[in-house]
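Each chain is listed here by its residues.
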Amino acid sequence: MAISNVAGVSESTFEAAQERFRIAAQEYDEDFETVLQSAIGMVDETNALHNQAESAMMQFALGESENTHDLLIAQSKANISLQYTVAVKDKILEAYREIMQMQI
């Protein structure tokens, strides 16, 4: 059965709309993938900063480093990165909950 018989719409108009929908869906998938990869990268960066802070703490405790400023800077970077990562996670969960509560 032709689409024009069902809705009074030409087949070329329907095909053009289908193509626009396919392109929009592909762009959405790419955007979601970009956001997901960014979030994973942020977690990896936070983990690396935490490991650097632990390393600086161990060096200071063992007497290999006497510079307290480097230790404080490493700890501050790790703390700020962790706070930022947790804030982003909270916003993602909030958005997820809001989407799940939407009525269709």
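Rules and cut-offs
Residues numbered from 1 in each chain as written. Predicted model: local features only at pLDDT ≥ 70, side-chain atom pairs only at ≥ 80, totals over all residues. Heavy atoms only, no water. Core = buried A, V, L, I, M, F, W, Y, C linked by side-chain atoms within 4.5 Å. Buried < 20%, exposed > 50% of the residue type's maximum accessible area, 1.4 Å probe, protein only. Helix = DSSP H or I, 4+ residues; strand = E, 2+ residues; numbered from the N terminus. Contact = heavy atoms within 4.5 Å. Salt bridge = Lys/Arg side-chain N within 4 Å of Asp/Glu carboxyl O.

The next thing to look at is the nonpolar core. Counting 6 residues, the largest nonpolar core consists of Leu49, Ala53, Ala56, Leu71, Ala74 and Ala78. Going through the elements one at a time, helix 2 (11-61) and helix 3 (68-101) are the ones with two or more residues in this core. Residues within four places of Ala56 in sequence aside, it is in contact with Leu71 and Ala74.

All right, on to the pattern of salt bridges then. The tally for this structure, following the rule as stated, stands at 2 salt bridges. One salt bridge connects Lys89 with Asp90, and the closest N-O pair in it is separated by 3.0 Å. Of the residues examined, Asp90 reaches a relative accessible area of 37% and is grouped as partly exposed. Linking Glu94 and Lys91 is a salt bridge whose minimum nitrogen-to-oxygen distance equals 3.9 Å. With Glu94 and Lys91 both in helix 3 and 3 residues apart, the pair spans about one turn of that helix. Residue class for Lys91 comes out exposed when judged on its relative accessible area of 54%.

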